[in-house]
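# Survey of secondary and tertiary structure
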Amino acid sequence: MKKLRILIADDHDLIRRGVRTLLESRADWEICGEAHTGREAVKQAAKLQPDVVVLDISMPDLNGIDAARRIRKEAPGAEVLILSAHYTDQLVREVMEAGIRGYIVKSDSDRDLVVAVETLAGHKPFFTPSAAQIILTNFSAGKTRNSPDEPLKDRLSSREREIVQLFAEGKSAKEVASSLNISVKTAETHRANIMGKLDIHSVAELVRYALRNQIVEP
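The following refers to the structure shown. Bear in mind the structure is a predicted one, so any value in this text is a computation, not a measurement. Counting restarts for each chain: residues are numbered from 1 in the order of the written sequence. At least 70 in pLDDT is required for a residue's local features to be given in this predicted model, at least 80 for side-chain atom pairs to be given and counted, and no such filter applies to totals for whole chains, interfaces and linings, which use all residues. Think of the side-chain values as coming from all heavy atoms in the structure, minus any hydrogens and water.

## Focus: the environment of Leu180
Basically, it comes down to this: Secondary structure elements follow DSSP: runs of H or I no shorter than four residues count as helices, runs of E no shorter than two count as strands, and numbering proceeds from the N terminus. By definition in these notes, contact holds between two residues if any of their heavy atoms fall within 4.5 Å.
By the element assignment, Leu180 lies in helix H8 (residues 173-180). Counting along the chain gives 14 residues from Leu180 to Leu166, while the straight-line C-alpha distance between them is 9.7 Å. When near neighbours in sequence (up to four residues on either side) are disregarded, Leu180 contacts Arg39, Arg159, Glu162, Ile163 and Leu166.

Okay, structure coming up:
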């Protein structure tokens, strides 16, 4: 029987080891690779073509949601399970809109992780109960991406979120430009446009925005 191939992506060694231990309890599953950053997770997924990717939402260089979007393009047969320290209405909406069908809170991993991976392996969605309740409440009520509590003008594109993350991680305009293969002037223009869009007036406020929205972690 073909084994289920799983890629684990988390920047914390201890978390990755814990996830690996839980998943290797199944004899018919194998960990085909591990990644430490969001960009590495995308590259590994493209190379290894796993069945399931277990992905931390707060990853260096490229956050989990944006990494998941790219993974779905590079490895279309893979299901993605997002791990998060906590959940919010906005995060659940972003997960759904990114086409991700698995989301659990890390504190529930001992109980839900194996079941979640097994469910996703069958190409069925699995959401931690608290997140599932948000989905039922918000989406059943007809809330959409244009909901009044989240004005469209305040939403960032995947590229804008990537730029916010790099600046919030303390990178200079030159480093951001090098990472994204753009000019320094373009990087600075993107930063100014994003700050204007969000009505943010300092890099410190940009960092707080990134932390609040789990684009970066504390």
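Structure's up, so let's keep going.
## Let's talk about the environment of Arg70
Here is the rule we go by: Here a polar contact is recorded for every N or O atom pair within 3.5 Å, except that within protein the pair must consist of a potential hydrogen donor and a potential acceptor, and residues adjacent in sequence are included only if both atoms are side-chain atoms.
Note on placement: Arg70 falls in helix H3 (residues 64-74). In sequence terms Arg70 and Gly38 are 32 residues apart; their C-alpha atoms lie 9.8 Å from each other. Of the polar contacts made by the side chain of Arg70, one reaches the side chain of Glu162; its length is 2.5 Å.

## Topic: helix H9 (residues 184-197)
Here is the rule we go by: Given a helix with a known number of residues, its expected span is that number minus one, times 1.5 Å. Summary of the burial criterion: residues with accessible area below 20% of their type's maximum are buried, those above 50% are exposed, and those between are partly exposed, where the area comes from a 1.4 Å probe applied to protein chains only. By construction, the arc corresponds to the directions joining the helix axis to the C-beta atoms.
For H9, which comprises 14 residues, the first-to-last C-alpha distance of 20 Å matches the rise-based estimate of 20 Å (1.5 Å per residue) to within 8%. Buried within H9 we find Ala187, Ile194 and Met195. The arc that holds the buried residues of H9, viewed along the axis, is 100 degrees, so those residues lie on one side. Exposed residues lying more than 90 degrees from the buried face of H9 are Lys185 and Gly196. Tucked inside the fold, the buried residues of H9 contact helix H7 (158-168), H8 and helix H10 (203-212). Immediately beyond the C-terminal end of H9, within one or two residues, lies Asp199, with a positive phi of roughly 55 degrees.

## Points about the sheet that holds strand S4 (residues 79-84)
Using the following cut-off: The pairing criterion for strands is at least two bridges between them, as found by DSSP. The convention used is that axes are lines fitted to C-alpha atoms, helices contributing only their stretch in contact, and that angles between N-to-C directions extend from 0 to 180 degrees.
The parallel open sheet is built from six strands, whose spatial order is S2-S1-S3-S4-S5-S6. Because the sheet does not close on itself, it has two edges, and the strands there are strand S2 (29-35) and strand S6 (126-127). In terms of strand pairing, strand S1 (residues 4-9) meets strand S3 (residues 52-56) through four bridges, oriented parallel. By the bridge assignment, Ile6 is partnered in S3 with Val52. The sheet contacts of helix H1 (residues 13-23) involve S1, S2, S3 and S4, and relative to S2 the element is tilted by about 165 degrees.

## What about the pairing of S2?
Filter applied, for reference: The path from the first strand over the helix to the second decides the hand: if it runs clockwise while the strands point away from the viewer, the crossover is right-handed.
Examined bridge by bridge, S1 and S2 share six bridges and lie parallel to one another. Note that in S2 the partner of Arg5 across the bridge is Glu30. Regarding the hand of the β-α-β motif, the stretch spanning S1, H1 and S2 is right-handed.

## Details of the packing of H7 against H9
Rules: The scheme is simple: roughly parallel for angles under 35 degrees, roughly antiparallel for over 145, roughly perpendicular for 65 to 115, oblique for anything else. For this classification, Asp, Glu, Lys and Arg are treated as charged, while Ala, Val, Leu, Ile, Met, Phe, Trp, Tyr, Cys and Pro are nonpolar and the rest, including Gly, are polar.
For the pair H7 and H9, interaxial distance at closest approach is 10 Å and the crossing angle is 100 degrees. The orientation of H7 with respect to H9, classified from their angle, is roughly perpendicular. Residues Glu160, Ile163, Val164 and Phe167 of H7 pack against Ala187, His190, Arg191, Ile194 and Lys197 of H9. Each residue belonging to the contact of H7 with H9 can be placed in one class, and the counts come to five nonpolar, one polar and three charged.

## What to know about the pattern of salt bridges
Stated formally: Salt bridges are defined by distance alone: a side-chain nitrogen of Lys or Arg within 4 Å of a carboxyl oxygen of Asp or Glu.
Enumeration according to the criterion identifies 21 salt bridges in this entry. Residue Glu162 pairs with Arg39 through a salt bridge whose shortest N-O separation is 2.6 Å. Within this pair, whereas Glu162 is found in helix H7, its partner Arg39 is found in helix H2 (residues 38-48), the two being separated by 123 residues in sequence. In this pair, the class of Glu162 matches that of Arg39, namely buried. With a closest N to O distance of 3.2 Å, Asp66 and Arg161 form a salt bridge.

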